Structure formats: C-alpha cells, structure tokens
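Fold and contact review
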Amino acid sequence: MKKAIEVEYWVINSDGGLTTPEELTDVSEYTEKEFVKPLFELKTPPCETMADLRATFIDQLDEILARADELDKLLVPLGTPINCEEIERLSSERGRIQKRVIGTEFDYASYCAGTHIHFEQQNVVDQLNTLIALDPALALLNSSPYFQGTDVANSARAYLYRKKCYEDYPKHGQLWDYVETVGEWETRLQHRFEEFKAAAIEAGVDGDDVDANFSPNTVVWTPVRLRKEMPTVEWRSPDASLPSQILRLTREANAVMEQIPNSVVRIDGDEAEIGQDTITIPTFDVVCDYAEEAIHEGIESETVSGYLQQLGFDVQEYDTITREIAGREIVSPREARDLRVKYATRLKEDVKSLREAA
C-alpha cells in the first residue's frame with residue numbers, strides 16, 4: 001500500500017517573526033505555498049514502503065532546510081503560531097468565496113498548520129471507517145494549545161478548525177459518520193456541494209464562480225477525505241509536528257491500514273481491537289467522544305491513551321510539544337516568537353538525528 005505525507009510548517013525569520021516562504025516553494029515539485037502567507041507545505045511522493053517514505057521525507061527536509069539557511073529562514077513545527085499579528089491570506093477567488101460563505105469564522109483557519117497522511121485506496125469503505133475511528137490519534141501530535149496567546153485546547157488547531165471555523169457548517173469541516181458504500185460517501189459530497197453553492201448564492205456569489213472554483217470533491221475540509229490523486233484516502237486530523245513524531249505516527253497508522261485488506265472491519269461497542277483477521281472499531285458516537293477528549297486533553301487523558309493503545313499505538317513513545325509548552329495562562333507575542341525559534345531549532349536537530357540514525 002503506497003503512502004505519502006504532507007506537512008505544513010510556519011516560516012519565520014531569525015527573530016521568530018512570521019515571514020513568507022519565497023524561494024522555498026521552488027525547491028522541488030513537492031514544495032508549495034499554502035493559502036496564507038507565512039505557511040509552507042512539503043509533500044512527499046507516494047512511497048511503497050515505510051523505509052522509502054522515511055528516506056524520502058528526510059532527504060526533502062535536508063534540502064529545504066539547507067535552502068532556508070541560505071534565505072535566513074526557519075521552519076516551525078507548531079499547530080498554531082501561538083501568538084502573532086493578524087495573518088494574511090493569499091489573494092484567490094476560492095478564498096474570497098469561502099470568506100463570503102463562512103464569514104469571519106473562516107479567519108480561524110489562517111492560524112492552523114497540520115499533517116496529512118495519504119494511503120493508497122484499497123478496500124475504500126473499510127479504510128474510510130477505520131481512519132474515522134483513528135481520529136483520536138490526533139492527540140499524539142498535538143503541538144500547540146494556544147491561539148493568540150490564550151490556552152484554548154490541547155490541540156488548538158483542531159479546536160479552531162472544528163469548533164470555530166466550521167461551527168456553522170459542521171458537515172463541511174468536522175468528522176463524518178461511518179459509511180456502508182463509497183456511493184454513500186459520494187452522495188454526501190454532492191449534498192455538501194449543493195449546500196455550499198446555495199449558501200454562496202445567498203451571500204451574493206455568482207453560481208458560475210462557485211462551479212469554477214469548487215466541486216463535490218473539493219468543497220469539504222473534513223478530517224478524512226477521498227482524494228483523486230494516486231488515488232488516496234487522506235487523514236488530516238493531526239497537527240504539524242517534529243518529523244520524527246510524524247514518521248512514528250505514520251508508521252503505526254500504516255500498520256493498521258495495511259491489515260485492512262486481510263481483515264474484517266467490525267463496528268461494535270465502546271472499544272477497539274486489532275485481531276489477527278478482525279479489526280473492531282467503536283460506534284461513531286463513542287469515537288466522537290474520544291476525539292473531543294483528544295482535542296481538549298490530549299494523551300494526558302487516560303481514556304484517550306487507553307483507546308489508542310487498543311489500536312496499536314505506542315503512546316509512551318510520543319512526547320508532544322503541547323505537553324512541553326502548556327501551562328502558561330498567557331503567552332505574549334515576544335514569548336511566542338522565542339518559542340517559534342526554539343522549536344524551529346528543534347526541528348533542525350530532529351532532522352539531523354533522523355539522518356544520523358538512518
């Protein structure tokens with residue numbers, strides 16, 4: 001089963017101030033701008049094995065960090081910038097329409113940086129349902145509890161996306177229920193597109209402009225998505241974090257996903273179990289409760305940690321950045337800049353350690 005990683009990192013100058021990626025987006029075909037000015041995205045190509053993915057990811061990071069040094073820029077592995085000035089979006093018709101439809105709540109998305117993990121489509125219904133059940137594993141990469149200096153949740157990013165940005169459009173940005181067929185998933189997408197288009201027209205957007213910039217496949221920002229590229233099932237729940245932690249999470253999630261073609265996926269009860277030829281996942285309502293606790297409490301929650309261990313995650317091996325920086329009532333802009341520099345330095349050290357261990 002091929003797999004790939006996408007990760008978004010904040011770009012800063014040596015003083016910790018947010019800045020633009022500039023030439024970093026030209027390093028390769030797998031580097032590009034995000035929809036806000038200080039955010040940069042790295043994508044790996046699809047890789048057959050975890051060893052290939054690990055080597056590719058490290059090579060890409062080495063190349064990007066070398067270019068960043070030349071530009072006197074740093075990459076920050078945090079789910080939010082902690083506290084900063086207002087973040088500007090890049091000008092685009094797509095962004096303009098989203099802002100008209102969603103309103104000022106759409107601005108919350110500008111402060112979020114995440115990790116997306118792609119798995120080649122095989123047994124798609126089981127993949128979708130299993131990744132929905134894996135949603136609470138976002139807790140393993142929680143990397144910032146702060147939004148504009150205030151502690152809002154163990155994963156401020158997930159909280160902002162799900163509870164603020166898409167509060168009025170939950171079916172477009174929050175976790176979806178399990179499905180029985182791919183057709184059912186596609187029907188949901190079509191309904192979400194129709195709802196979005198109707199809301200856009202009501203907000204004064206021309207329907208043709210909606211059709212030109214959105215489709216059923218691109219109108220939702222849910223934690224689990226079907227993508228035409230490769231094609232893949234995409235898991236978008238975790239924060240941006242240190243590369244070593246991203247690779248660990250990808251490896252352990254991949255172990256579950258690779259078992260799916262040889263297993264029966266069952267939905268039953270309150271707990272999960274990975275058997276020899278059966279994967280049991282809890283009912284959707286139970287998953288939502290675990291996910292809520294993962295967002296607010298992270299792996300500090302015994303309930304969340306226990307559930308993730310049932311799914312095969314070695315929770316004790318994750319030392320989240322949120323755990324390291326949480327506990328301050330308020331983080332000033334100056335302190336936030338210092339923290340961004342600190343964790344940008346940690347990212348460089350992390351990549352060096354990965355390289356030396358290869």
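What you see as residue numbers is a count from 1 along each chain, following the sequence as written. The model is predicted, so local features are restricted to residues of pLDDT at least 70 and side-chain atom pairs to those at 80 or more, both for listing and for counting; the totals for chains, interfaces and linings are taken over all residues. Side-chain measures here rest on the full set of heavy atoms in the structure, leaving out hydrogens and waters.

**Side note on the overall build of the protein chain**
Condition: Helical segments are the DSSP runs of H or I of at least four residues, strand segments are the runs of E of at least two, and each set is numbered from the N terminus. Restricting the calculation to C-alpha atoms gives the radius of gyration, and the globule rule supplies 2.2 Å times the number of residues raised to the power 0.38. We call a residue buried when its accessible area falls under 20% of the maximum for its residue type, exposed when it is over 50%, and partly exposed in between, using a 1.4 Å probe and counting protein chains only. We call two residues in contact when some of their heavy atoms are within 4.5 Å. The method behind every accessible area is Shrake-Rupley, applied with a 1.4 Å probe, and residues are considered shielded solely by the protein chains displayed. Counted charges follow a simple rule, with Lys and Arg positive, Asp and Glu negative, and His plus the chain ends left uncounted. Here the site of a charge means NZ on Lys, CZ on Arg, CG on Asp, or CD on Glu.
Within the protein chain, the secondary structure is distributed over twelve helices and twelve strands. Against the 2.2 N^0.38 benchmark of 21 Å for 358 residues, the protein chain shows a C-alpha radius of gyration of 20 Å, consistent with a compact globule. Buried positions account for 55% of the 358 residues belonging to the protein chain. For the protein chain, the proportion of contacts with a sequence separation of at least 24, taken over those separated by at least 6, is 73%. Total accessible area computed for the protein chain in this model is approximately 14600 Å², and 43% of it derives from carbon and sulfur atoms. Side chains of the protein chain give 38 positive and 68 negative charges; the mean places of these two sets differ by 4 Å.

**As for the packing of helix α9 (residues 284–296) against helix α10 (residues 302–310)**
Rules: For helices, the fitted axis covers only the stretch in contact; all axes are lines through C-alpha atoms, and the angles between them, taken along N-to-C directions, range from 0 to 180 degrees. Here the word oblique covers every angle except those under 35 degrees (roughly parallel), over 145 (roughly antiparallel) and from 65 to 115 (roughly perpendicular). Here a crossing is taken to be left-handed if its near helix is turned anticlockwise relative to the far helix by less than a right angle, and right-handed if that turn runs clockwise. Each residue is assigned to one of three groups, with Ala, Val, Leu, Ile, Met, Phe, Trp, Tyr, Cys and Pro labelled nonpolar, Asp, Glu, Lys and Arg labelled charged, and all others, Gly among them, labelled polar.
It is at 9 Å that the axes of α9 and α10 come closest, and there the two elements cross at 120 degrees. With respect to α10, the element α9 is oriented oblique. Considering how the two elements wind past one another, α9 and α10 form a crossing that is left-handed. Residues Val287, Tyr290, Glu293 and Ala294 of α9 lie in contact with α10, whose contacting residues are Thr303, Val304 and Tyr307. Partitioning the contact of α9 with α10 into residue classes produces five nonpolar, one polar and one charged.

**Points about the packing of aromatic side chains**
Definition in use: Any Phe, Tyr or Trp ring, taking Trp's six-membered ring, that has another such ring centre within 6.5 Å forms a pair; planes under 30 degrees apart are called stacked, those over 60 apart edge-to-face, and the others tilted.
Taken as a whole and judged by the stated rule, the model has ten aromatic pairs. Taking 5.3 Å as the distance between ring centres and 85 degrees as the angle between the ring planes, the aromatic pair formed by Tyr111 and Phe147 counts as edge-to-face. On the criterion of sequence distance, the pair formed by Tyr111 in the loop between α2 (93–102) and β5 (115–120) and Phe147 in strand β6 (residues 146–147) is long-range, its members being 36 residues apart. For Tyr111, a relative accessible area of 8% corresponds to the buried category. Overall, the relative accessible area of 19% leaves Phe147 in the buried class.

**Some remarks on the side chain of Asn154**
When you line up the elements, Asn154 lands in the loop between β7 (150–151) and α4 (156–165). The contact partners of Asn154, leaving out residues within four places of it in the chain, are Asn142, Ser144, Pro145, Ala294, Ile295, His296, Glu297, Gly298, Glu300 and Thr322.

**With respect to the nonpolar core**
Which entries qualify depends on this criterion: Take the buried Ala, Val, Leu, Ile, Met, Phe, Trp, Tyr and Cys residues and link them wherever side-chain atoms come within 4.5 Å; each set so joined is a nonpolar core.
The biggest cluster of nonpolar side chains holds 117 residues, and the ones touching the most others in it are Leu308 and Phe313. By residue number, the principal contributor to this core is helix α1 (residues 50–70), which donates eight residues. Residues in contact with Leu308, not counting those within four places in the same chain, are Pro136, Ala137, Leu140, Ile299, Phe313 and Val315.

**Quick notes on the sheet that holds strand β11 (residues 273–274)**
Note the cut-off: Note: two strands are recorded as paired if DSSP finds a minimum of 2 bridges between them.
Pairing is mixed in the open sheet, where three strands are placed in the order β10-β12-β11. If you trace the sheet from one side to the other, it starts and ends with β10 (264–267) and β11, each paired once.

**A look at the side chain of Glu41**
Mapped onto the secondary structure, Glu41 falls in strand β3 (residues 39–43). Classification of Glu41 as buried rests on a relative accessible area of 3%. Sequence-distant contacts of Glu41, that is, excluding residues within four places in its chain, are made with Glu6, Val7, Glu8, Tyr30, Thr31, Glu32, Glu34 and His116.

**Some points on unusual backbone geometry**
The amide bond that connects Met230 to the next residue, Pro231, takes the cis arrangement and shows omega of -5 degrees. Its location among the elements puts Pro231 in the loop between β8 (224–227) and β9 (232–235). Positioned with a positive phi, Ile82 is a non-glycine residue whose angle comes to about 80 degrees. With a relative accessible area of 1%, Ile82 lands in the buried category. Locating Met230 in the fold gives a position in the loop between β8 and β9.

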